Amino acid sequence: MIEILCSKFAKLLAVDLWRQYECMLPVELRKKNASYLKWQDRHAHLIGKLLLLRGLKEKGYGKGILEEIEYGSHGRPFLREADVDFNISHSGQFVICAIGTGMRIGVDIEEIKPIDFSYFKQVMNVNQWKTINWSDDPAKMFYTYWTIKESMIKADSRGLSIPLSSILVKDEKVSYDDCTWHTRALDIDANYCAHITTDQPAYDCLVRKVDFFQPKEVYF
């Protein structure tokens, strides 16, 4: 089972509510949050960590679990000696956090916006560009490929050291370097494209929304 915790923010959290939530983060994560210049980035970072904390606590981990997060050589976060994997992504007004057990997970969400394709010629192969340009909705098709590839490299852990143009996408399979991953679309919002990629071919996936602007509905 993979749980996708999803939250939306379109404005600033009230100051007292922000302080209440901020206190749930370890000191190092608070420092990192404070380093972001834009309030949107600070909110996305905070909400992402709160979604992760909630999801992990629901799986039986303690309130201090965020302090145990370590980072691999390419910056991928993980929990040592734990069978749970997780990944966070945010774009626009949405933050999503995927959590699963016994598998590797990568997730990505992108707001569908007008795009100048000339800046991204190196991220798709020839056939993918043909599919994008011949599509009824080229922007949506571009973000479909983009979120699939981003979720795959996040699951793989090597990140952007993998050349995006070398990643092959066919149906619900993603291939690179003799490895095959499995991907599926997530229905988050009509104006966003999101995908999850994992090393497991079959799994249940549950999307749940969390509204941090309604503290009575939020529990930890």
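Going by the structure above, here's the rest.
Please read these numbers as outputs of a predicted model, since none were measured by experiment.

We now examine the side chain of Lys 149. For Lys 149, the location among the structural elements is in helix α5 (residues 138-156). Contact partners of Lys 149, with chain neighbours within four places excluded, come to Val 123, Met 124, Asn 125, Gln 128, Leu 164, Ser 165 and Ile 167.

Moving on, we get to the sheet that holds strand β9 (residues 179-185). If you trace the five strands from one edge of the open sheet to the other, you get β6-β10-β9-β8-β7, paired in antiparallel fashion. Two strands in the sheet have a free side with no partner beyond their single neighbour: β6 (105-111) and β7 (168-170). With strand direction ignored, the average angle separating the axes of adjacent strands in the sheet is 25 degrees. Across four bridges, the pairing between strand β8 (residues 173-176) and β9 is antiparallel.

Scanning the model with the defined rule gives nine salt bridges in all. Salt bridges sharing partners connect three or more residues here, namely Glu 3, Arg 54, Glu 58 and Arg 208.

Take the sheet that holds strand β5 (residues 94-101) next. Consider a sheet: its strands pair through backbone hydrogen bonds, and that pairing is either parallel or antiparallel. Spatial strand order, β4-β5-β1-β11: four strands in an open sheet with mixed pairing. Two strands close off the open sheet at either side, each with one partner strand: β4 (84-91) and β11 (205-209). The sheet shows a mean angle of 15 degrees between the axes of neighbouring strands, direction not considered. In terms of strand pairing, strand β1 (residues 2-8) meets β11 through five bridges, oriented parallel. Directly across from Cys 6, in β11, lies its bridge partner Lys 209. Across the sheet, helix α3 (residues 39-58) lies against β1, β4, β5 and β11, angled at about 25 degrees from β5, the strand it touches most.

Conventions used here
- Counting restarts for each chain: residues are numbered from 1 in the order of the written sequence.
- Since the coordinates come from a predicted model, pLDDT governs what is reported: local features require at least 70, and pairs of side-chain atoms require 80 or more to be given and counted, while whole-chain, interface and lining totals use all residues.
- The basis for every side-chain value is the complete set of non-hydrogen atoms in the structure, without hydrogens or water.
- Secondary structure follows DSSP: runs of H or I at least 4 residues long count as helices, runs of E at least 2 residues long count as strands, and numbering of each begins at the N terminus.
- The criterion used for residue contact is that any of the two residues' heavy atoms lie within 4.5 Å.
- Only when DSSP finds a minimum of two bridges between them are two strands counted as paired.
- Only the stretch in contact is used when fitting a helix axis, every axis being a line fitted to C-alpha atoms; angles between N-to-C directions are given from 0 to 180 degrees.
- When a carboxyl oxygen of Asp or Glu is within 4 Å of a side-chain nitrogen of Lys or Arg, the pair counts as a salt bridge.

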